[in-house]
Amino acid sequence: MSDILEVRELRAYYGQVQALHGIDLSLREGSVTTLLGANGAGKTTTLRSICNMIRFTGAIRFDGIELSTRSTEKLVRLGIAHVPQGRGTFTRMTVEENLRLGAISRNDERAVTGDIDRMYAHFPKLKERRSQQAGTLSGGEQQMLAVARALMLRPRLMLLDEPSFGLAPLIVRDLFGILAKINREDKVTIMVVEQNAELALELASDAYVIETGRIVMSGPAAEISNNEDIRKSYLGY
Amino acid sequence: MELLTNQILAGIATGSIYACMALSVVMIYQAIDHLNFAQGEMATFSAFVAWQLMRWGIPYWPAFILTVTISFAAGVAIERGLFRPLANASILTNVAGFIALFAIVNSVTGMTWDFTIKEFPSPFGSSQFLGSELINSHQAGMIGVTGLLLAFLYCFLGFTKVGLAMRAAVSTPESARLIGINVGWMVALGWGLASSIGAVAGMLIAPVVFLEPNMMGGILVYGFAGAVLGGLSSPAGAVLGGLLVGVFENLIGTYVPGAGNELKLPIALALIILVLRFRPDGLFGRNVVERV
Ligand SMILES: Nc1ncnc2c1ncn2[C@@H]1O[C@H](COP(=O)(O)OP(=O)(O)OP(=O)(O)O)[C@@H](O)[C@H]1O
Ligand SMILES: [Mg+2]
């Protein structure tokens, strides 16, 4: 399989402070990759760099296209959906408007309506609440909405920043089940940042571990979850 | 009773102008979190443009539409040229920008068209509306045109793709960019719309107050009052606030003994402060409890 995303020598900065010190990553097309690490390790910063939301140096190529010269709103149109940490829901708009917004850069209005119905099939709760303001949904429902909104782009690559944050274990299982299904059926490549390493490694085929802005470990997810030393020293379980 | 109805209808007529100004102010406030003090001067300038076009022989309605279009372009240009570069500057820098804009537009208007008052035509005339004693036809026209304008905006913002993108961009810019919306252009579009709405207000009120470079000064104060009363977070609230201020103003002028023309403004404003004392987000302002 070819790599859909390639990150080389990524160094990112918040003002004078350097947050990433040369990250290298490759995502195989159609895979699920997880990026693990402690608080403040640089996971969010890595995703933000991919979407060009922060100053960085290095190369980031999507399908061979260099992303660093494209603005955030333009590179989204290549098919990169980003569910940011804290979901980024449009809280004052209805559930259905949020879904429509996910497809706002598409030009096939007809198909959009069909896709909204598909999302309601994936997430029946959202259908019940379709005309409710998104801000009034529960945390779990909002997370579902964020994922559904990202899918409305018909993305080729989906970046998820801690989708399990604040969700009850059962809901997390549900959500990860849906992600696996989306990956399998719609061939969406997924990169998921997680604190919940155990579950993420179950879902993912590849894994990277990041510590203070550097990749300290990478390989097949199964290998990493089977290695007790890594688990103990980096993943804390 | 007839006096009351009459005063309320007249209040709604001037109130619809305040409502337009309130709406312009709120549109820009939502996009960039600043109050545009120059909104009134921009509207005055637009009214002068219309006046000039008519002097050149263009009939009223084509001149009206041309003015709305020119104002839209000017609003976009002001955002691109002046306020976009200030987007990350401090509040005070922005305030200075608005004061500069106010002074520049005001003096350019004065220099171009001088400060003598001019008559501005009304396409509706000033006879009694449908023979009724309650309201004249220009007042009815102000209400009608404002109503059409609001209906258009409601459909645009509520039911079109660009309207949806615009609302998303001003409510949560970061997320909007992540779904492919060009937030910068949406803010510029907001300026263009605000400027067009102000132009409509200016052209509608000019026959009543006469055209001169400072004609919108007092009206913008009422517009601000309406926006604050209705809630700066809510375009619909701003419109209702503007209408209420218009009605208040008239009723106070008529029924409060001795209020007359001099005191109705302070009394109306005092009443608004009283309302805000109990509803700080305005009558219709949303103070949604958002989950984090
Ligand atoms: N806006 C910011 N300004 C300055 N420094 C920042 C900013 N955001 C993050 N940082 C710093 O960059 C480093 C990496 O942060 P990042 O948000 O990428 O961590 P993370 O791995 O996503 O952590 P978490 O699991 O807590 O979300 C941290 O040291 C953090 O303090
Ligand atoms: Mg993070």
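Worth saying up front: this structure is predicted, and the values here are computed from it rather than measured.

Caption draft 1: Structural detail: the overall build of chain B. Helix and strand content of chain B: 11 helices and zero strands. For chain B, the α and β elements follow one another from N to C terminus as α-α-α-α-α-α-α-α-α-α-α. Scaling as 2.2 N^0.38, a compact globule of 292 residues should have a C-alpha radius of gyration of about 19 Å, and chain B matches this with 19 Å. If one aligns the C-alpha atoms of chain B with their principal axes, the spans along those axes are about 55 × 50 × 35 Å. Burial analysis of chain B (292 residues in total) assigns 50% to the buried set. In chain B, the proportion of contacts linking residues at least 24 apart, taken out of those at least 6 apart, comes to 72%. Carbon together with sulfur atoms contributes 70% to the accessible area of chain B, which is approximately 13100 Å² in total. With 12 positive and 13 negative side-chain charges, chain B shows a separation of 13 Å between the mean positions of the two kinds.

Caption draft 2: Quick peek at the site of ligand 1. Residue and element names in this part refer to chain A. Residues in close proximity to ligand 1 total 13 residues, the closest being Gly40, Lys43, Thr44, Thr45 and Gln195. Residue Thr44 places a side-chain N or O atom 2.6 Å away from an oxygen atom belonging to ligand 1. Between ligand 1 and Thr45, the relevant distance is 2.4 Å, taken from an oxygen atom to a side-chain nitrogen or oxygen of the residue. In the complex, 59% of the free accessible area of ligand 1, which totals 630 Å², lies under the protein chains. A per-element tally of the shell around ligand 1 places helix H1 (residues 43-50) first, with three residues.

Caption draft 3: Just the sheet that holds strand E4 (residues 55-62) of chain A, in detail. All names here are of chain A. Taken together, the four strands give an open sheet; going across it, the order is E2-E1-E4-E5, and neighbouring strands pair in antiparallel fashion. Edge positions in the sheet fall to strand E2 (17-28) and strand E5 (65-66), since each has one partner strand and no second. Strand direction decides the pairing type here: E4 and E5, joined by two bridges, are antiparallel. Note that in E5 the partner of Phe62 across the bridge is Ile65.

Caption draft 4: View of the interface of chain A and chain B. Taken residue by residue, the interface counts 33 residues in chain A and 24 residues in chain B. The contact between chain A and chain B buries some 2400 Å² in all, and 55% of this surface belongs to carbon and sulfur atoms. The largest share of the area that chain A buries against chain B comes from Glu73(A), Arg92(A) and Ile104(A), three residues that together contribute 28% of it. Counting the contacts that link chain A with chain B gives four salt bridges. Between chain A and chain B we count nine residue pairs in polar contact (both at pLDDT 80 or more) in total. Of all elements in the fold, only helix H2 (72-76), helix H3 (95-102) and helix H6 (139-151) of chain A reach the threshold of two or more residues within the side of chain A that touches chain B. With four residues, H3(A) is the single largest residue contributor to the side of chain A that touches chain B. A per-class count over the side of chain A that touches chain B returns nine nonpolar, 14 polar and 10 charged.

Caption draft 5: Expanded view of the sheet that holds strand E7 (residues 157-161) of chain A. All names here are of chain A. Taking strand neighbours across the sheet as the criterion, the six strands line up as E6-E7-E8-E3-E9-E10 in an open arrangement whose pairing is mixed. Each of the sheet's edge strands pairs with one partner strand only, and the pair in question is strand E6 (80-83) and strand E10 (214-220). In this sheet, neighbouring strand axes are inclined to one another by 15 degrees on average, regardless of whether the strands run parallel or antiparallel. Relative to strand E8 (residues 189-194), strand E3 (residues 32-36) runs parallel, the two sharing five bridges. Bridge assignment links Leu36 to a residue of E8, and that residue is Glu194.

Caption draft 6: Representation of empty space enclosed by the protein in the model. Residue and element names in this part refer to chain A. Taken as a whole, this structure holds one cavity of 30 Å³ or more when the rule is applied. The space that makes up the largest cavity amounts to roughly 60 Å³. Secondary structure elements with two or more residues in the lining of the largest cavity: E6 and H6. Taken together, the residues that form the lining of the largest cavity break down as six nonpolar, two polar and one charged.

Caption draft 7: Summary view of the layout of surface pockets. All names here are of chain B. Considered as a void within the structure, the second largest pocket measures approximately 300 Å³ in volume. Along the wall of the second largest pocket there are 13 residues; nearest its centre are Phe64, Val68, Leu149, Phe152 and Val200. Among the elements of the structure, helix H3 (60-83), helix H5 (137-159) and helix H8 (183-209) are those that each provide at least two residues to the lining of the second largest pocket. The residue inventory of the lining of the second largest pocket, partitioned by class, reads 12 nonpolar, one polar and no charged.

Caption draft 8: How the structure looks around the pattern of salt bridges. Scanning all chains against the criterion turns up 21 salt bridges over all chains. A salt bridge links Arg48(A) to Glu174(B); its shortest N-O distance comes to 3.2 Å. Remark: Glu174(B) occurs in helix H7 (residues 173-178) and Arg48(A) occurs in helix H1; the pair is interchain, linking two chains. Given the relative accessible area of 39%, Glu174(B) is considered partly exposed. A salt bridge links Asp108(A) to Arg106(A); the shortest N-O distance between them is 3.1 Å. Asp108(A) sits in the partly exposed class, given a relative accessible area of 30%. It is possible to trace a salt-bridge network through shared partners that takes in Arg106(A), Asp108(A), Asp115(A), Arg118(A), Arg154(A) and Asp186(A).

About the criteria used
- Residues numbered from 1 in each chain as written.
- Chains lettered and ligands numbered in written order.
- Predicted model: local features only at pLDDT ≥ 70, side-chain atom pairs only at ≥ 80, totals over all residues.
- Heavy atoms only, no water.
- Helix = DSSP H or I, 4+ residues; strand = E, 2+ residues; numbered from the N terminus.
- Rg over C-alpha atoms; globule rule 2.2 N^0.38 Å.
- Buried < 20%, exposed > 50% of the residue type's maximum accessible area, 1.4 Å probe, protein only.
- Contact = heavy atoms within 4.5 Å.
- Areas by Shrake-Rupley, 256 points an atom, 1.4 Å probe, with all protein chains shown as cover.
- Lys, Arg positive; Asp, Glu negative; His and termini not counted.
- Charge placed at Lys NZ, Arg CZ, Asp CG, Glu CD.
- Near = heavy atom within 4 Å.
- Polar contact = N/O pair within 3.5 Å; in protein donor to acceptor, adjacent residues only side chain to side chain.
- Pairing = 2+ DSSP bridges.
- Buried area = accessible area lost by both parts, 1.4 Å probe.
- Salt bridge = Lys/Arg side-chain N within 4 Å of Asp/Glu carboxyl O.
- Nonpolar A, V, L, I, M, F, W, Y, C, P; charged D, E, K, R; others polar.
- Axes fitted to C-alpha atoms, helices over the stretch in contact; angles between N-to-C directions.
- 1 Å grid on protein atoms, 1.4 Å probe; cavity = no way out; pocket = protein on both sides within 12 Å on 5 of 7 lines; lining within 4 Å.
- Points joined across faces, edges and corners; volume = space filled by probe spheres on them.

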